[in-house]
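Topology and contacts: notes
Residue strings, one per chain:
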Amino acid sequence: NYCLIMGGVTIGDGAVIGAGSTVTKDVEPYSVTAGNPAVFKKHRFDLEIRDKLMRLRWWYWDIEHIKAVAPILMSNNFDKLFKYATENNLGDNK
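First things first, this report covers the structure right here in the doc. Note that the structure is predicted; figures quoted are calculated from it, not measured. (Residues numbered from 1 in each chain as written. Predicted model: local features only at pLDDT ≥ 70, side-chain atom pairs only at ≥ 80, totals over all residues. Heavy atoms only, no water.)

1. Side note on unusual backbone geometry
In this structure, Pro37 follows Asn36 across a cis peptide bond, with omega equal to 5 degrees. Examined against the element boundaries, Pro37 turns out to sit in the loop between strand E4 (31–35) and strand E5 (38–43). Of note, Arg57 is a non-glycine position whose phi angle comes to about 50 degrees, a positive value. For Arg57, a relative accessible area of 40% translates into the label partly exposed. Its identity as a non-glycine residue notwithstanding, Asn76 has a phi of 60 degrees, on the positive side. For Asn76, the position within the fold is in the loop between helix H2 (63–75) and helix H3 (78–87). (Helix = DSSP H or I, 4+ residues; strand = E, 2+ residues; numbered from the N terminus. Buried < 20%, exposed > 50% of the residue type's maximum accessible area, 1.4 Å probe, protein only.)

2. So, the packing of aromatic side chains
For the structure shown, the criterion picks out six aromatic pairs. Ring centres of Trp58 and Trp59 lie 5.7 Å apart, and the angle between their planes is 80 degrees; this geometry places the pair in the edge-to-face category. We classify Trp58 as partly exposed; its relative accessible area is 24%. Following the ring pairs from residue to residue traces out a cluster consisting of Tyr30, Phe45, Phe78 and Phe82. (Phe/Tyr/Trp six-rings, centres within 6.5 Å; stacked < 30°, edge-to-face > 60°.)

3. Describing the layout of surface pockets
If you add up the space inside the largest pocket, you get close to 190 Å³. Lining the largest pocket are Asp13, Gly14, Tyr30, Arg44, Phe45, Leu53, Trp58, Trp59, Leu73, Asn76 and Phe78. (1 Å grid on protein atoms, 1.4 Å probe; cavity = no way out; pocket = protein on both sides within 12 Å on 5 of 7 lines; lining within 4 Å. Points joined across faces, edges and corners; volume = space filled by probe spheres on them.)

4. Some details on the pairing of E5
Both E4 and E5 contribute to a ladder of five bridges, which runs antiparallel. Paired with Ser31 across the two strands is His43, which belongs to E5. What sits between E4 and E5 in their antiparallel hairpin is a turn of two residues. (Pairing = 2+ DSSP bridges.)

5. So, the sheet that holds E4
Ordered in space as E2-E4-E5, the three strands form an open sheet in which the pairing is mixed. With partners counted over all chains shown, the strands left at the sheet margins are strand E2 (16–17) and E5, one partner each. In the sheet, E2 pairs with E4 via two bridges, with the strands oriented parallel. Paired with Val16 across the bridge in E4 is Val32.

6. Quick notes on H2
Along its 13 residues, H2 runs 19 Å from first to last C-alpha, staying within 8% of the 18 Å computed at 1.5 Å per residue. Along H2, the helix axis deviates most sharply at Val69, where the bend reaches about 50 degrees; the proline Pro71 sits within four residues downstream. Within the span of H2, buried status applies to His65, Ile66, Val69 and Ile72. Packing partners of the buried residues in H2 comprise H3. Phi turns positive one or two residues past the end of H2, at Asn76, with a value near 60 degrees. (Expected span 1.5 Å × (residues − 1). Bend = angle between axes of the 7 residues up to and from the residue. Contact = heavy atoms within 4.5 Å.)

So, in structure tokens, the structure goes:
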């Protein structure tokens, strides 16, 4: 199914848009939005995790690091992800 995202709308990093949604307003990072018109449904993670993920910006890491943490990203083991980032001096993981 498709989504319609209106011009000028910003979709935050890590956001999920439901199939068939019409997005008319900005979508927060790491949130779930769905419907016609699309409305906020929930946050994917608590505020602390969302803030840390936004500071990590793992999607800008070298591909070697992304490949190394791919299983961690799919497991939602955030402690392990943040430890890896700290040990490898990646992102702003404070």
